[in-house]
Amino acid sequence: DAALTRIIAMDKAIEINTSGMRYGLDDHHPKHPLLKRYYALGGRKITLGSDAHTPDDIGHDFTRVTEQLKSIGFEYICHYTRRQCEFVRI
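Attention here is on the structure that accompanies the text. (Residues numbered from 1 in each chain as written. Predicted model: local features only at pLDDT ≥ 70, side-chain atom pairs only at ≥ 80, totals over all residues. Heavy atoms only, no water.)

### Observations concerning the state of the cysteines
Here is step 1 of the chain: Counted under the stated rule, the structure contains one disulfide.
Here is step 2 of the chain: Through a disulfide, Cys78 is tied to Cys85; the S-S separation comes to 2.1 Å.
Here is step 3 of the chain: Using a relative accessible area of 22% as the deciding quantity, one classes Cys85 as partly exposed. (Disulfide = S-S within 2.5 Å. Buried < 20%, exposed > 50% of the residue type's maximum accessible area, 1.4 Å probe, protein only.)

Pasting the structure below:
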């Protein structure tokens, strides 16, 4: 909780990285329970990443992750332009 509270206080986003799903780990990083706790503590800034090394890997499993985010209560993901967060409805 201390780390998540600090992230929230610093107005930073958490990135969900889907590369684990692509490599057969069957989950993203960080995992669902941590994201639920982040949300419960007031965290709302989430970004998505896929560690794509080929064009086919760009956005891998983003649809699945956004459905999980919605089930937690998230309504937006954060997209950064010039270091400014722009919320995009999911």
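Read on, since the account is not over.
### Examining the packing of aromatic side chains
Here is step 1 of the chain: In this structure the tally under the stated criterion is three aromatic pairs.
Here is step 2 of the chain: Ring geometry for Tyr38 and Phe74: centres 6.3 Å apart, planes at 20°, overall stacked. Separated by 36 residues along the polypeptide, Tyr38 in helix H3 (residues 32-40) and Phe74 in the loop between helix H4 (62-72) and strand E3 (76-81) bring together distant segments of the chain.
Here is step 3 of the chain: An angle of 65° between the planes, with centres 4.8 Å apart, marks the rings of Tyr39 and Phe74 as edge-to-face. Of this pair, Tyr39 sits in helix H3 while Phe74 sits in the loop between H4 and E3; the two residues are 35 residues apart in sequence, bridging distant segments of the chain.
Here is step 4 of the chain: A relative accessible area of 22% places Tyr39 in the partly exposed class.
Here is step 5 of the chain: Through a chain of ring-to-ring contacts, three or more aromatic side chains come together here, namely Tyr38, Tyr39 and Phe74.
Here is step 6 of the chain: Sitting over the face of the ring of Tyr39, Arg44 holds its NZ or CZ atom 3.6 Å from the ring centroid. (Phe/Tyr/Trp six-rings, centres within 6.5 Å; stacked < 30°, edge-to-face > 60°. Helix = DSSP H or I, 4+ residues; strand = E, 2+ residues; numbered from the N terminus. Lys NZ or Arg CZ within 6 Å of the ring centre and 35° of its normal.)

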